[in-house]
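Geometric and topological summary
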Amino acid sequence: MTKLLASLLSVAAIGLIANAVPVHAEPGAEQGQVRKERKAGNVRSLREIEQQVLPKMSGMQYLGPEYDPAAMAYRLKFIQDGKVYFVDVDARTGRVIGRSR
């Protein structure tokens, strides 16, 4: 009886954890949002943003982008000498709005 109760509690706990995952954590959700905004003409393409920023980051290795739909901004990630750098770009205007070092 104790093993059965322990098994049922384990299954219930797993179910609670699985249901606790937020909806916005879906893989690719940001990509879908930026695609929607791009089609509506609200944001610039990633290609445009990269063409503007990458030449200014000489000597750094480009690791890739992220899109923040709430801020409507791209975050481009770079690495140089073991340090990671971020460049935040307004997706609507293409203006650099932040850099981290």
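So, here's what we can say about the structure. This structure is a prediction, so every number in the text was calculated from the model and none was measured. (Residues numbered from 1 in each chain as written. Predicted model: local features only at pLDDT ≥ 70, side-chain atom pairs only at ≥ 80, totals over all residues. Heavy atoms only, no water.)

Turning next to the pairing of strand β2 (residues 73-80). Sheet topology places strand β1 (residues 61-68) next to β2; seven bridges connect them, and they run antiparallel. Among the inter-strand pairings, Gly-64 is bridged to a residue of β2, identified as Lys-77. As consecutive antiparallel partners, β1 and β2 are separated by four residues, and within that stretch Met-72 has a phi angle of approximately 50 degrees, a positive value. Where β2 lies against strand β3 (residues 83-90), eight bridges are found, and the strand directions are antiparallel. Among the inter-strand pairings, Arg-75 is bridged to a residue of β3, identified as Asp-88. (Pairing = 2+ DSSP bridges. Helix = DSSP H or I, 4+ residues; strand = E, 2+ residues; numbered from the N terminus.)

As a further point, take the side chain of Asp-88. Inspection of the secondary structure puts Asp-88 in strand β3. In contact with Asp-88, other than residues within four places in its own chain, are Tyr-74, Arg-75, Arg-95, Val-96, Ile-97 and Gly-98. (Contact = heavy atoms within 4.5 Å.)

In this structure the tally under the stated criterion is two aromatic pairs. An angle of 40 degrees between the planes, with centres 5.2 Å apart, marks the rings of Tyr-62 and Phe-78 as tilted. Here the residue Tyr-62 occupies a position in strand β1, and Phe-78 occupies one in strand β2, the gap between them amounting to 16 residues. Note on Tyr-62: relative accessible area 26%, which makes it partly exposed. (Phe/Tyr/Trp six-rings, centres within 6.5 Å; stacked < 30°, edge-to-face > 60°. Buried < 20%, exposed > 50% of the residue type's maximum accessible area, 1.4 Å probe, protein only.)

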